[in-house]
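Chain by chain, the residues run as shown.
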Protein chains: 2
Amino acid sequence: MAIPVETFFLRPGDQGTLQARIQQMVAEGVLSGRFRRGEKMPSTRRLAAHLGVSRITVSLAYTELQASDYLSSRDRSGYYISEGAPEPPDFPETPRAERVDWQRAMGRRFAAGAVPERPADWASYRYPFIYGQADPKLFDHANWRLCAVQALGARDFGALTQDYYDRDDPQLVEFLIRQTLPRRGIQARPEEVLITLGAQNALWLASQILLSPGRRAAVEDPCYPALRVLLGQTGCALSAVAVDAQGLPPEAVPDGTDVIFTTPSHQCPSGATLPLARRRALLERARALEAVIVEDDYEFEMAYLQPPTPALKSLDGDGRVVYVGSFSKSLFPGLRLGYLVGAAPFIREARALRASVLRHPPGHIQRTAAHFLSLGHYDSLVRRIGRALGERRQVMEAAIRDTGLEVAGVAAHGGSSFWMRAPEGIDTAELSSDLQRDGVLIEPGAPFFLRPDAPRNFYRLGYSSIPSERIAEGVGRIAQALARPRSQS
Amino acid sequence: MAIPVETFFLRPGDQGTLQARIQQMVAEGVLSGRFRRGEKMPSTRRLAAHLGVSRITVSLAYTELQASDYLSSRDRSGYYISEGAPEPPDFPETPRAERVDWQRAMGRRFAAGAVPERPADWASYRYPFIYGQADPKLFDHANWRLCAVQALGARDFGALTQDYYDRDDPQLVEFLIRQTLPRRGIQARPEEVLITLGAQNALWLASQILLSPGRRAAVEDPCYPALRVLLGQTGCALSAVAVDAQGLPPEAVPDGTDVIFTTPSHQCPSGATLPLARRRALLERARALEAVIVEDDYEFEMAYLQPPTPALKSLDGDGRVVYVGSFSKSLFPGLRLGYLVGAAPFIREARALRASVLRHPPGHIQRTAAHFLSLGHYDSLVRRIGRALGERRQVMEAAIRDTGLEVAGVAAHGGSSFWMRAPEGIDTAELSSDLQRDGVLIEPGAPFFLRPDAPRNFYRLGYSSIPSERIAEGVGRIAQALARPRSQS
C-alpha cells in the first residue's frame with residue numbers, strides 16, 4: 001500500500017532544517033505505527049511538490065533515512081518503509097501534556113451511571129447464558145444481503161444518499177402501519193410514527209420529552225437497568241413500583257406520577273403478562289393521574305409458544321400510550337432500528353429532538369429493512385428463530401428441572417430468557433464471577449432492582465446465544481456452583 | 001400478497017356476535033387501507049383456529065362479506081379482497097378522542113427551535129442552489145455496493161450483528177487513526193476516538209457534555225444554524241463572536257467562556273480560513289480562560305483548489321481541542337457517520353452518553369465504510385467530486401462576475417458554496433420565496449446570525465447539487481430578481 005502524500009505536513013514552528021524536518025516526519029510516522037514496513041513512500045518529486053520544497057532536499061532526506069534503515073529503495077520502483085525499520089507499538093503513544101482539568105471542564109457527567117455489561121469477548125465463553133445477542137447461525141444472511149443490494153440499486157439510491165433531515169423512509173413507515181402495528185392491534189397514521197435508532201433510542205427520546213426535573217416517573221421494579229440510567233439523565237423523580245406474578249399492579253402507581261414506564265406483554269425481566277383487567281385499570285389510573293404511559297413492547301415477535309396479547313396501546317382510546325417497538329433484540333441487535341408510535345404532538349417533538357441529536361437513522365438501513373420486511377423474510381426469520389428458541393427452551397426447562405434450580409419468572413408466550421432465584425444469602429454477582437472462570441456467563445439480578453433493599457439472589461439466564469447441546473452442561477455448572485459452600489459475607 | 005392471519009384480533013370488549021365482529025374487522029381493514037384489493041384472506045379454517053371460533057362462524061362472515069362485495073372468492077383458491085371493495089383513504093383516519101393535554105404532558109419542548117429547512121421536494125426544482133446534498137451521479141455506487149456485500153459476508157458478520165453496546169468497529173477506528181487523522185495533522189489513540197452518527201451527533205454529544213445551565217459557550221457569528229439549536233438545549237449562555245475575513249478573532253472571545261465552537265479551516269458559512277497566528281492566539285486564549293475548543297472540521301476533504309490547512313487540533317499540545325470530523329456532507333449525507341477526537345476522559349463521557357441515547361452507530365454501516373475507505377474508493381470519490389465541484393465553481397465564479405452579484409466569502413481551498421451579500425434593504429427570505437416560484441432555491445442568511453440586529457441581506461449558494469449547465473441561468477434569475485423593484489417593508 002502506498003502512503004498518501006497528503007499524510008505529510010511540515011508542522012509550522014518546528015525547529016531544524018527542512019531536510020531534518022522531513023527525516024523526522026518519516027521517522028515519527030514509523031515509530032508511531034502509522035507507516036508500516038513495506039509501504040511505499042511518495043516519490044521525491046511528489047513529496048517535494050506537496051511540501052513546497054526542492055526535490056534535492058527530499059532526496060537528501062530519503063538518502064539519510066536509507067542509511068538509518070528507515071527506508072529502502074528498490075530499483076526504478078521507488079522508496080519503501082524498510083523491512084528493518086523499527087517496530088512500532090500497537091498504536092501511537094502520543095506524548096501529551098494534559099493541561100486540561102477535565103473534571104472541571106465537563107458540565108455534565110454520564111459515564112458514572114453506566115450499566116455493568118457482559119464481557120466484550122462473551123462469544124469465546126462456552127456457556128454464554130447472556131441476553132439480547134443474535135445467533136449468527138440463525139440469521140438469513142442471503143436474503144438480507146439481497147435486500148441490501150436492492151436498497152443500493154439505482155432506483156432506491158435517492159432514499160439512501162439524501163439527507164432526509166428529519167423524515168423517515170416512507171416505505172418503512174408504510175410497512176409498519178400496514179403490517180407490523182396491526183398485528184399488535186394498533187392503528188396509526190404516518191404522523192404518529194417515528195423511526196428510531198433501536199428501542200434504546202426510542203425510550204431515550206420519550207423520556208427526554210416527557211420528563212424534566214420536578215416531574216415524576218413510575219417504573220416497574222425490577223426493570224430494564226438501562227431505563228433507570230436514561231431516566232436519571234432527565235433529572236426527574238423516580239418511583240419504583242414492585243411487580244408481582246401478573247406484572248405491574250395499577251393501584252400501586254403513586255399519586256403525582258407524570259409518566260408510567262411498563263412492559264405489559266412480557267415484563268422485563270420476569271416475563272409476566274399483564275392481564276386484561278389490569279390493562280384496563282392501568283389506563284384508568286393513568287387517566288385519573290393525567291399521566292402518559294410508555295409501553296415497551298420488546299420481543300413481541302418472540303411468541304413461539306402462544307400468540308402474544310395485543311399491545312396495551314390497542315386499548316388506548318385516549319392517545320395516552322406511547323408505544324416503543326423494535327426490530328433489534330435477539331433477532332438482529334446490530335441493526336439498530338426501532339420505532340415510536342404516539343399522538344401526533346408528541347411525535348412532532350420527538351422528531352425535532354431526534355433531528356438535533358442525530359438527524360435520522362441511516363437511509364440505507366431503513367430501506368434494506370423495508371425490503372426485508374415486505375418480502376416476508378423477516379416473518380420467516382422470526383419463525384426460524386422461534387423454532388430454535390422453542391427447542392432451547394424445552395432443553396432449558398428440562399435442565400432446570402433436573403438440577404432443581406428455581407425459576408422466578410418466564411414468559412408464557414416465549415421470549416429468550418428465564419428470570420431465576422438463587423437461595424437466600426447467595427449474592428449472584430459473586431456467583432457470576434465464580435462461574436465466569438468456569439466458562440459460564442450469567443447475568444446478576446441486582447442491577448434490575450431500584451429499591452434500596454434490592455434482593456441480591458436473582459439472576460437472568462438468556463438462551464438466544466447458547467446452542468442447545470451445551471445448555472444441560474451449563475445449567476449443571478450453575479447448580480454445582482450454587483451447591484458449593486461459600487464464605488458468608 | 002396474502003394478509004397474515006396474525007393481523008386479525010377480536011378486540012376484547014367489542015359488542016355484537018362473533019360473526020358480526022369478524023365482518024366488522026374485515027371491513028375496517030379495507031376502509032382503513034390496511035387490506036388492499038386483490039390481497040388474499042386467510043382460509044376460513046386458519047382464521048377460525050387463530051381466533052378460537054368455529055369455522056362455520058368464519059364461513060358465514062365471509063359469505064356476508066361477499067354479498068357486500070368486500071370479498072370475492074375464486075374457485076379452490078380461496079377468498080380475496082374484492083376488486084369492488086370500497087376505496088380507502090391514503091392512510092387510516094383513526095377516529096381518536098384526544099383526551100391528553102400534550103402541552104401539559106411534555107416536560108421539555110424541542111420542535112419550536114427547529115431550523116427552517118429546504119423544501120422536501122428540492123430535487124424537483126430546476127436550479128437548486130442548496131447546500132450539503134450529495135449528487136447521486138457522482139457517487140461510486142458499484143464499489144459501495146461491493147463493500148456493503150463484503151461487510152455482509154460471513155467473515156464480517158460478527159461485526160454486523162453483535163450489539164457492540166458502547167464500542168465501535170475496530171477496523172474503522174484503526175483506519176481513522178492511521179490514515180484519515182494524520183492527513184489533518186492529528187495523532188490519536190483508540191481511546192481518544194468515538195464514532196458518531198454524523199457530525200451533527202458529534203456536536204450534540206460534545207455540547208451535552210461540556211455545557212449546562214450556568215456555563216457559557218462562544219460561537220462564531222454567523223454560524224451553522226443547527227449548532228445554535230443544540231446549544232440552546234443545554235441551557236447554557238451564548239456569546240456571539242462576530243467573524244471577519246480571517247475568521248474568529250481570538251481576542252474577542254469574552255471572559256467567562258467555557259467552550260469555544262469554531263470552524264477554523266473553513267468558516268461556516270463565510271469560508272474564511274483562520275491564519276496560523278490566530279490559531280496560536282486562539283489556543284492561548286482558551287488556555288487563559290481554561291476553556292475547551294470544539295473544532296468542526298466540516299468539508300475538509302473538499303480541498304480541490306489547494307491543500308487544506310492542518311486542523312487546529314494538530315497544534316493542540318494541551319489536549320484542549322475536541323475535534324469533529326465527518327464522512328457525510330456533500331459526499332454522502334445519508335451515510336450518517338462522523339467522529340469525535342478528544343482527550344480520553346472526554347471521550348469516555350461521550351461514549352457513555354452515546355450508549356444511553358442510541359448505543360452505537362449500526363455495525364454494518366461502520367464496516368462498509370471501513371472497507372470503502374481502506375480500499376481507496378473514498379479517496380477516488382473525493383477526487384471525482386472535487387473535480388466536478390472545481391468545474392462548477394469556475395462556472396459559478398463566471399456567472400457571478402457576469403451578473404455583478406456580490407460574494408461575501410468563499411473558501412480558498414474549495415468547498416461547495418458561496419456566501420453572498422445582496423444589496424442593503426433586501427430581505428433574502430423574501431427573495432428566496434420569490435425565487436422558489438421561479439424554480440430557484442437559495443438559502444436565506446438570517447438564520448446563520450445570532451446577534452439581534454442580524455443583517456437580512458445575506459444568502460448562501462450551494463453548488464453540490466446543481467449541474468454546471470444550469471448554473472448560469474440560475475444565477476441569472478437571482479440577479480434578475482434582485483434587480484426587480486420591490487415593495488419596501
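Residues numbered from 1 in each chain as written. Chains lettered and ligands numbered in written order. Predicted model: local features only at pLDDT ≥ 70, side-chain atom pairs only at ≥ 80, totals over all residues. Heavy atoms only, no water.

For chain A, the name recorded in an unreviewed UniProt entry is Transcriptional regulator, GntR family, with Alloyangia pacifica as its organism. For chain A, the Sequence similarities (unreviewed entry) comment in UniProt is given as "In the C-terminal section; belongs to the class-I pyridoxal-phosphate-dependent aminotransferase family." (UniProt positions renumbered as here; feature names shortened; annotations may be inferred.)

Novice: Go over the overall build of chain A with me, naming the residues and quoting the values.
Specialist: When its secondary structure is counted, chain A shows 15 helices and 15 strands. By principal-axis analysis of the C-alpha atoms, chain A measures approximately 90 × 60 × 50 Å. Looking at chain A residue by residue over its 489 residues, the buried ones come to 61%. Taking the contacts inside chain A whose residues are at least 6 apart along the sequence as the reference set, 73% of them involve residues at least 24 apart. With the model as given, the accessible surface of chain A reaches about 18,500 Å², and the carbon-plus-sulfur share is 50%. A distance of 4 Å separates the average location of the 58 positive side-chain charges in chain A from that of its 55 negative side-chain charges. (Helix = DSSP H or I, 4+ residues; strand = E, 2+ residues; numbered from the N terminus. Buried < 20%, exposed > 50% of the residue type's maximum accessible area, 1.4 Å probe, protein only. Contact = heavy atoms within 4.5 Å. Areas by Shrake-Rupley, 256 points an atom, 1.4 Å probe, with all protein chains shown as cover. Lys, Arg positive; Asp, Glu negative; His and termini not counted. Charge placed at Lys NZ, Arg CZ, Asp CG, Glu CD.)

Novice: Tell me about the pattern of salt bridges, and please be specific about residues and values.
Specialist: Residues and elements named next belong to chain B. Across all of its chains, the model carries 52 salt bridges over all chains by this definition. Arg 178 serves as the salt-bridge partner of Glu 174, at 3.9 Å between the closest nitrogen and oxygen. Separated by four residues within a single helix, Glu 174 and Arg 178 lie in helix 7 (residues 170-183), roughly one turn from each other. Under the relative-accessibility criterion, Glu 174 is labelled partly exposed at 27%. With relative accessibility at 11%, the residue Arg 178 sits in the buried group. For Asp 316, the salt bridge identified is with Lys 313, shortest N-O distance 3.2 Å. Its relative accessible area of 7% is what places Lys 313 among the buried residues. (Salt bridge = Lys/Arg side-chain N within 4 Å of Asp/Glu carboxyl O.)

Novice: Go over the side chain of His 364 of chain A with me, naming the residues and quoting the values.
Specialist: Here His 364 of chain A is to be found in helix 12 (residues 363-374). Note on His 364 of chain A: relative accessible area 4%, which makes it buried.

Novice: Lay out the domain arrangement of chain A in plain terms, naming residues and giving numbers.
Specialist: Bring the parts together and some accessible area is lost; that lost area is often taken as the interface size. Residues and elements named next belong to chain A. Domains assigned within chain A are domain 1 (5-81), domain 2 (118-133 + 380-483) and domain 3 (139-375). Relative to domain 3, the C-alpha centre of domain 2 lies at a distance of 26 Å. With 28 residues of domain 2 in contact, the opposing surface of domain 3 contributes 32 residues. The interface formed by domain 2 and domain 3 holds one salt bridge in total. Note that Asp 221 and Arg 451 form a salt bridge whose closest N and O atoms lie 3.1 Å from each other. Between domain 2 and domain 3 we count 13 residue pairs in polar contact (both at pLDDT 80 or more) in total. Grouping the constituent residues of the side of domain 2 that touches domain 3 by class yields 14 nonpolar, 10 polar and four charged. (Domains from an automatic or database assignment. Polar contact = N/O pair within 3.5 Å; in protein donor to acceptor, adjacent residues only side chain to side chain. Nonpolar A, V, L, I, M, F, W, Y, C, P; charged D, E, K, R; others polar.)

Novice: Just give me the short version of the packing of helix 2 (residues 44-51) of chain B against helix 3 (residues 55-67) of chain B, but keep the residues and values in it.
Specialist: Residue and element names in this part refer to chain B. Between helix 2 and helix 3, the least distance of the axes is 8 Å, while the angle of their chain directions is 125°. In terms of orientation, helix 2 lies oblique with respect to helix 3. Of the two possible hands of crossing, helix 2 and helix 3 adopt the one that is right-handed. Each of Thr 44, Arg 45, Leu 47 and Ala 48 in helix 2 lies in contact with helix 3, whose residues at this interface are Arg 55, Val 58, Ser 59 and Tyr 62. (Axes fitted to C-alpha atoms, helices over the stretch in contact; angles between N-to-C directions. Parallel < 35°, antiparallel > 145°, perpendicular 65-115°, else oblique. Left-handed = near helix turned anticlockwise from the far one by under 90°.)

Novice: Any chance you could break down the nonpolar core for me, citing the residues and the numbers?
Specialist: The biggest cluster of nonpolar side chains holds 122 residues, and the ones touching the most others in it are Ile 478 of chain A together with Ile 478 of chain B. Apart from residues lying up to four places away in sequence, Ile 478 of chain A is in contact with Phe 129, Leu 405, Leu 435, Val 440, Ile 442, Tyr 459 and Leu 461 of chain A. By size, the runner-up hydrophobic cluster in this structure holds 86 residues, among which are Ile 209 and Leu 353 of chain A together with Leu 205 and Val 259 of chain B. (Core = buried A, V, L, I, M, F, W, Y, C linked by side-chain atoms within 4.5 Å.)

Novice: Could you give me a rundown of the environment of Glu 191 of chain B, with the residues and numbers involved?
Specialist: Residues and elements named next belong to chain B. Examined against the element boundaries, Glu 191 turns out to sit in the loop between helix 7 and strand 4 (193-196). Residue class for Glu 191 comes out partly exposed when judged on its relative accessible area of 40%. Once residues within four sequence positions are removed from consideration, Glu 191 is found in contact with Ala 344 and Ile 347.

Novice: So what's going on with the relation of the copies chain B and chain A? Which residues, and what values?
Specialist: Under the fitted operation, chain B is carried onto chain A by 0.0 Å of movement along the axis and a turn of 180°, and the coordinates agree to an RMSD of 0.1 Å. Taken together, these values place the two copies in the relation of a two-fold axis. (Least-squares fit on C-alpha atoms with pLDDT ≥ 70 in both.)

Novice: Can you explain the pairing of strand 6 (residues 237-242) of chain A? Please cite residues and give values.
Specialist: Residues and elements named next belong to chain A. Note: strand 5 (residues 216-221) against strand 6, six bridges, orientation parallel. By the bridge assignment, Ala 218 is partnered in strand 6 with Ser 239. Regarding the hand of the β-α-β motif, the stretch spanning strand 5, helix 9 (residues 225-232) and strand 6 is right-handed. (Pairing = 2+ DSSP bridges. Right-handed = clockwise from strand over helix to strand, strands pointing away.)

Novice: Kindly report on helix 7 of chain B, identifying the contributing residues and their values.
Specialist: Residue and element names in this part refer to chain B. An ideal rise of 1.5 Å per residue puts 20 Å on 14 residues; helix 7 measures up with 20 Å between its terminal C-alpha atoms. Along helix 7, the sharpest change in direction is near 40° and occurs at Leu 176. Burial analysis of helix 7 places 11 of its 14 residues in the buried class, which makes it a mostly covered element. Residues of helix 7 that are buried include every one of Leu 172, Val 173, Phe 175, Leu 176, Ile 177, Arg 178, Gln 179, Thr 180, Leu 181, Pro 182 and Arg 183, and no others. Buried residues along helix 7 sit in contact with strand 4, strand 9 (321-326), strand 10 (338-341), helix 12 (363-374) and helix 13 (377-403). At the N-terminal end of helix 7, a side-chain oxygen is found 3.0 Å from the backbone nitrogen of Gln 171, two or three residues along, and the residue is Asp 169. Of the residues one or two after helix 7, Gly 185 is the one with positive phi, at around 80°. (Expected span 1.5 Å × (residues − 1). Bend = angle between axes of the 7 residues up to and from the residue.)

Novice: How would you explain the interface of chain B and chain A if you had to name every residue and give the values?
Specialist: At the interface, 123 residues of chain B touch 123 residues of chain A. Here chain B and chain A share an interface that buries about 11,400 Å² over both sides, 55% of which is from carbon and sulfur atoms. Of all residues in chain B, Trp 102, Arg 178 and Gln 187 of chain B bury the most surface against chain A, accounting for 7% of the area lost on that side. Between chain B and chain A we count eight salt bridges in total. The residue Glu 39 of chain B makes a salt bridge to Arg 178 of chain A at a minimum N-O spacing of 3.1 Å. For the pair chain B and chain A, the interface holds 32 residue pairs in polar contact (both at pLDDT 80 or more). Ranked by the residues each element gives to the side of chain B that touches chain A, the list is headed by helix 11 (residues 344-358) of chain B, at 10 residues. (Buried area = accessible area lost by both parts, 1.4 Å probe.)

Novice: Help me get a handle on the UniProt feature "domain: HTH gntR-type" (unreviewed entry) in chain A, residues and values and all.
Specialist: As annotated by UniProt and renumbered to match this structure, "domain: HTH gntR-type" (unreviewed entry) occupies residues 16-84 of chain A. Helix makes up 51% of residues 16-84 of chain A and strand 12%, and the two end C-alpha atoms of the span are 26 Å apart.

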